[in-house]
Amino acid sequence: MIKFEEIKKSLFVSLWFMFLTFPIMVIHVNPIDKIVNWRWDNLLFVGCGSFILSFFWRYFINRKKSGLRQSSPVISPLSNIMARLRNDPKLFRTLIAVLAFIAVAFPFTFSTYQVTIMTTVLLYIMLGLGLNIVVGLAGLLDLGYVAFYAVGAYSYALLNYHFGLSFWIALPVGAILGAFFGILLGFPVLRLRGDYLAIVTLGFGEIIRLILENWNDFSFGPSGISNISRPSLFGIEFSLKSSSIFLYFIIIILVLLTIFVVNRLQHSRIGRAWVALREDEIACQAMGIDKVKTKLAAFALGATWAGMAGVIFAAKTTFINPASFTFHESALILSIVVLGGMGSIPGVILGALILILMPEYLRAFSDYRMLLFGAIMVLMMVFRPQGIISDVRRTYELDNKGASG
Amino acid sequence: MEYFVQLFLGGLTRGSIYALIALGYTMVYGIVELINFAHGEIYMIGAFTALIIASVLGLYGFSEISIIILASIIAIIYSSAYGYTVEKIAYKPLRHAPRLSPLISAIGMSIFLQNYVLLAQTSDFLPFPSLIPEFEFMNPYSHIFSSAELVIFCTTAVAMTLLTIIIKFTKVGIAMRATAQDRTMAMLSGVNVNKIISTTFVIGSSLAAVGGLLIASHIGQINFYIGFIVGIKAFTAAVLGGIGSIPGAVLGGFILGWTESFATGYISSDYEDVFAFALLVLILIFRPAGIMGKSRVQKV
Amino acid sequence: MNKILETINLTMDFGGLRAIDGLDLHVNEGEIVALIGPNGAGKTTFFNCITGISPPTKGEIFLTTRRKDRDKIDGLKPNYITKKGMARTFQNIRLFPNMTALENIMVGQHCRTSSRLIGAIFRNAFTVNEEKLVVENSFHILNRFGLGPYTNEYAKNLPYGAQKRLEIARAMATRPFLLLLDEPAAGLNNRETAELNVMIKSIRDEDKVSILLIEHDMKLVMSISDRIVVLNYGRKIADASPEDIKSDPAVITAYLGEEFVA
């Protein structure tokens, strides 16, 4: 039963938003023809939309507030499934086997186009998991993650262009250069408080992009670098189709490697230090943890992964230019982590699947992509800061030598 | 020498605009300790609103002077309304959340607003009418200091003076300073903290709108993305001066304005934005508290 | 007697305010010392000062470790000071809320372990062995502080009393020789306070850890302390045994006002 009071409130909200969006949503001036286009229908949409949404908003805000008081966290069905998987190794193994089968069969059953999309998804899973180390585990907001991605991509493109270096050599080089830039930027900045880090990394990302755009002698400017070699296998070159399948498998392996590494780190001495740092910096230092060193490790490791992903990106598209490395890219990767669940590996994978596939298959959405990413970040933070699949800490038992789950 | 003076005055103009926008960052930071990433977008929305209103009024045959006044007032009202709403949606529910949450929410809001304007209006650059007339008495000096620059400088000076008076002498200003010092204590002394935070956003946003109007009419074109870069630069100015400090933001704005003006004038204009970001990184490394800021002691 | 903590002329300024004013204070080996004083006397500031969270404006701080090295620690970062063997708890509980109780203890052992990034990825013998020891040790510590039932609970979901104990347990996990407790009894009921009394004594007697605590609960302070130091406006106004403190006119003045001095 909706009370009259509630309706009045929503009506007020709806009026407010109609007022707020009026000039930008309704009026559209064509400066050349000197015609004003009054889009009154938009006003109606905004009015009805905000009226309905305001009910949801209040409902969820109230639910969140009462949830806090009860102190029992609301567990979503997905988290339940995750918990069951964790506790049932047989079910877990079956699932892994099914997933492995699908992953292997995928490129041979679907078209090259589908394979390319899946490769993109996998690439973003890798980037997401890399950023997850920095943001999800260590709690450092890195808004210039794309800069390290660009470092990786350009190091392969330039080394390939000038010296004909192969993908397999460029991959570790890109990773090392990513780490190097990560340390270079992180060392001075990580001493500062968290919000400065956010803005400095944002600035750094822009600097890298602007340099790539303007330093023509070095990076070929906005026109970029084309004809980058695709990866080969022991000197064997592939046709376009098999090459994209080959790349798909390379990324699968690298994603598995990423999951393996992140999973091991997460519950190690250093991983615990990261999480502790995220939770409470001062208490963390009082436990004898070196704040700067620990942050630097997370930051550099995240950058390493971005560097690697950059090399793959260059090999995948065979053409790169600075336009691929704008702030929007950083925002996309961040939304993947935020939507999926900060600190949670399955969460990041799910986040990448949703955010990359949705605009791809629902063409109608693709225009609204960025709008959606922005909205996701705000709404997730307000209503479900732990993401779709929240990170669950490992449980320990004494008798079976320490670890389980 | 003349070139130097020209750059100096150009830097002063730029700097005063950065200062206007930096004030919004600094005030919000002083009170809620949050970088309001969406502040640049508020400024962009101010400029867009002014452009839309001015075009509509122009088509309906309003006189030039009434267009300027009406468009400016409406732009300021709208920017304030947006600032107020953004705070209510993206920050207020997160007041007791871990530090990372409002930051992510803020960056999300910034992206959302950019794309909202992009989708509802256009991605193209739009010509922005020059709101500022050419003054005759400025003619002999126009090659080094234009009328527009004079107006920008004067408007900034007036806005700053008003702000200083509000903060120093009015009841709201005193409550604001009290909230910045110790929110709990202010609340216990009967200050309505929610209202003060809203007021801060509103004041900051209206200053951003003034900045937006001035810069848009000075440069002559706008698009949905102008808030982002200027936002970072204004933030740089705020940090440069010492975040949380109002005179600091003004000083920081001028220093950044001159740095950019001289660096682009004497070195290269391709890297205009790089200079600002590099300055930001350097400041944070060598003097994170800024020029006029005091390093805050964290409460344990 | 062996002074394991000694501050000489310690001074701390915040802007124009002198929070600690030329404080000379020491803790002997095996002692339980209580630091008391009215609100705002500078007690917590003193803790923050000696643990490196806010380094002193002036003065020197010395720690004498179990190996009898006398180290000057002022100006060192907090993590180095913890590593030397001084651990602390906080006035407002500062646990790692989204980590389990066991993990909180595991983090406490960070500075006594050394496996690194590479070791964690490849899980070499050293890392596996160390991890096993850390887990076993953590279980041991949890049980010792009566926190066994909460092992895999998130710290934020623990009841208040258990959170307080977990904070002490976590500090003990860093293997200190001197433990600083900031108002350990605040918010506890009578039974819990009595348990705390026993716990603090056992930490001193069984673990051979000296204790410096800030506390407002006078019953606890009087029954537990070997010595009491009274601060007022950042200055030491008394330093004596509990019996002598009770009748000290300076202390009574500071707490109750001049008219109460007998």
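Above this text sits the structure in question.
Please read all numbers here as calculations on a predicted model, not as lab measurements.

Each value, and the rule that gives it
- Residues numbered from 1 in each chain as written.
- Chains lettered and ligands numbered in written order.
- Predicted model: local features only at pLDDT ≥ 70, side-chain atom pairs only at ≥ 80, totals over all residues.
- Heavy atoms only, no water.
- Salt bridge = Lys/Arg side-chain N within 4 Å of Asp/Glu carboxyl O.
- Helix = DSSP H or I, 4+ residues; strand = E, 2+ residues; numbered from the N terminus.
- Buried < 20%, exposed > 50% of the residue type's maximum accessible area, 1.4 Å probe, protein only.
- Core = buried A, V, L, I, M, F, W, Y, C linked by side-chain atoms within 4.5 Å.
- Contact = heavy atoms within 4.5 Å.
- Axes fitted to C-alpha atoms, helices over the stretch in contact; angles between N-to-C directions.
- Parallel < 35°, antiparallel > 145°, perpendicular 65-115°, else oblique.
- Left-handed = near helix turned anticlockwise from the far one by under 90°.
- Buried area = accessible area lost by both parts, 1.4 Å probe.
- Polar contact = N/O pair within 3.5 Å; in protein donor to acceptor, adjacent residues only side chain to side chain.
- Nonpolar A, V, L, I, M, F, W, Y, C, P; charged D, E, K, R; others polar.
- Expected span 1.5 Å × (residues − 1).
- Phe/Tyr/Trp six-rings, centres within 6.5 Å; stacked < 30°, edge-to-face > 60°.
- Patch = residues over 30% accessible without salt bridge, like charges linked within 9 Å, V, L, I, M, F, W, Y side chains within 5 Å.
- Areas by Shrake-Rupley, 256 points an atom, 1.4 Å probe, with all protein chains shown as cover.

The next point concerns the pattern of salt bridges. Under the definition given, this model contains 33 salt bridges over all chains. A salt bridge links Asp280(A) to Arg94(C); the shortest N-O distance between them is 2.9 Å. Residue Asp280(A) is located in the loop between helix 11 (269–279) and helix 12 (281–286), and its partner Arg94(C) is located in the loop between strand 6 (86–88) and helix 3 (101–108); the two belong to separate chains. On the basis of relative accessibility, which here comes to 10%, the residue Asp280(A) falls in the buried class. In this structure, Lys295(A) engages Glu281(A) in a salt bridge whose closest nitrogen and oxygen atoms are separated by 3.2 Å. Of this pair, Lys295(A) sits in helix 13 (residues 291–317) while Glu281(A) sits in helix 12, and the two are 14 residues apart along the sequence. Exposure remark for Lys295(A): the relative accessible area of 2% places this residue in the buried category.

Taken as a class, soluble globular proteins show a tendency for nonpolar side chains to be buried jointly. Residues Trp274(A) and Phe37(B) are the most contacted members of the largest nonpolar core, which totals 236 residues. Per-element accounting of this core gives the leading share, 16 residues, to helix 5 (residues 112–137) of chain A. Once residues lying within four places of it in the same chain are set aside, the contact partners of Phe37(B) are Leu143(A), Ala198(A), Ile199(A), Leu202(A), Tyr25(B), Tyr91(B), Leu103(B), Ala106(B), Ile107(B) and Ser110(B). Counting residues in hydrophobic clusters, the runner-up holds 46 residues, among them Leu95(C), Val135(C), Met172(C) and Val221(C).

Residues and elements named next belong to chain B. In contact at an axis separation of 8 Å, helix 3 (residues 64–91) and helix 8 (residues 193–219) are set at 140 degrees when each is read in the N-to-C sense. In terms of orientation, helix 3 lies oblique with respect to helix 8. The two elements helix 3 and helix 8 cross, and the hand of that crossing is right-handed. Here Ser72, Ala75, Ile76, Ser79, Ser80, Gly83, Tyr84, Glu87, Lys88 and Tyr91 of helix 3 lie close against helix 8, whose contacting residues are Ile197, Ser198, Phe201, Val202, Ser205, Ser206, Ala209, Val210 and Leu213.

Listed per partner, the contact involves 60 residues of chain A and 62 residues of chain B. Taken together, the two surfaces of chain A and chain B that pack against each other cover about 5500 Å², and 78% of this comes from carbon and sulfur. It is Ile24(A), Tyr196(A) and Ile199(A) that lose the most area in chain A upon contact with chain B, and together they represent 13% of the buried surface on that side. Linking chain A with chain B are 0 salt bridges. Run the count over chain A and chain B and you get 6 residue pairs in polar contact (both at pLDDT 80 or more). Looking at the side of chain A that touches chain B, the elements that each hand over two or more residues are helix 1 (4–26), strand 1 (27–30), strand 2 (35–38), helix 2 (40–70), helix 8 (194–214), helix 14 (327–340) and helix 17 (369–383) of chain A. Broken down by element, the residue count for the side of chain A that touches chain B peaks at 12 residues, all from helix 8 of chain A. Grouping the constituent residues of the side of chain A that touches chain B by class yields 45 nonpolar, 7 polar and 8 charged.

For helix 6 (residues 160–173) of chain C, built from 14 residues, the straight-helix expectation of 20 Å at 1.5 Å per residue is met to within 8% by its first-to-last C-alpha distance of 20 Å. Judged by how many residues are buried, helix 6 of chain C sits mostly within the fold: 12 of 14 residues are covered. Along helix 6 of chain C, the residues that are buried comprise Gly161(C), Ala162(C), Gln163(C), Lys164(C), Leu166(C), Glu167(C), Ile168(C), Ala169(C), Arg170(C), Ala171(C), Met172(C) and Ala173(C). Of the surrounding elements, those touching the buried residues of helix 6 of chain C are helix 12 of chain A together with strand 6, helix 3, helix 5 (125–144), strand 7 (178–182) and helix 7 (190–207) of chain C.

So, about the packing of aromatic side chains. All told, the structure shown has 36 aromatic pairs over all chains when counted by the stated rule. With 5.0 Å between their ring centres and 65 degrees between their planes, Tyr161(A) and Phe220(A) make a pair best called edge-to-face. Remark: Phe220(A) occurs in the loop between helix 9 (216–219) and helix 10 (240–266) and Tyr161(A) occurs in helix 6 (residues 145–163); sequence separation between them is 59 residues. A centroid spacing of 5.6 Å and a plane angle of 75 degrees characterise the contact between Tyr25(B) and Phe235(B), whose relative ring orientation is edge-to-face.

Turning our eyes to something else, we now look at the packing of helix 14 of chain A against helix 4 (residues 100–120) of chain B. For the pair helix 14 of chain A and helix 4 of chain B, interaxial distance at closest approach is 11 Å and the crossing angle is 130 degrees. Classified by the angle their axes make, helix 14 of chain A and helix 4 of chain B are oblique. The handedness of the crossing between helix 14 of chain A and helix 4 of chain B comes out as left-handed. Facing helix 14 of chain A, whose interface residues are Phe327(A), His328(A), Ala331(A), Leu334(A) and Val338(A), helix 4 of chain B presents Ile104(B), Ile107(B), Ile111(B) and Gln114(B). Tallied by class, the residues present in the contact of helix 14 of chain A with helix 4 of chain B amount to 7 nonpolar, 2 polar and no charged.

On the surface, Trp38(A), Trp40(A), Leu59(B), Tyr60(B), Phe62(B) and Leu70(B) cluster together into a nonpolar patch covering about 600 Å² of accessible area. Residue position: Leu59(B) is located in helix 2 (residues 39–59). You can call Leu59(B) partly exposed: its relative accessible area is 32%.

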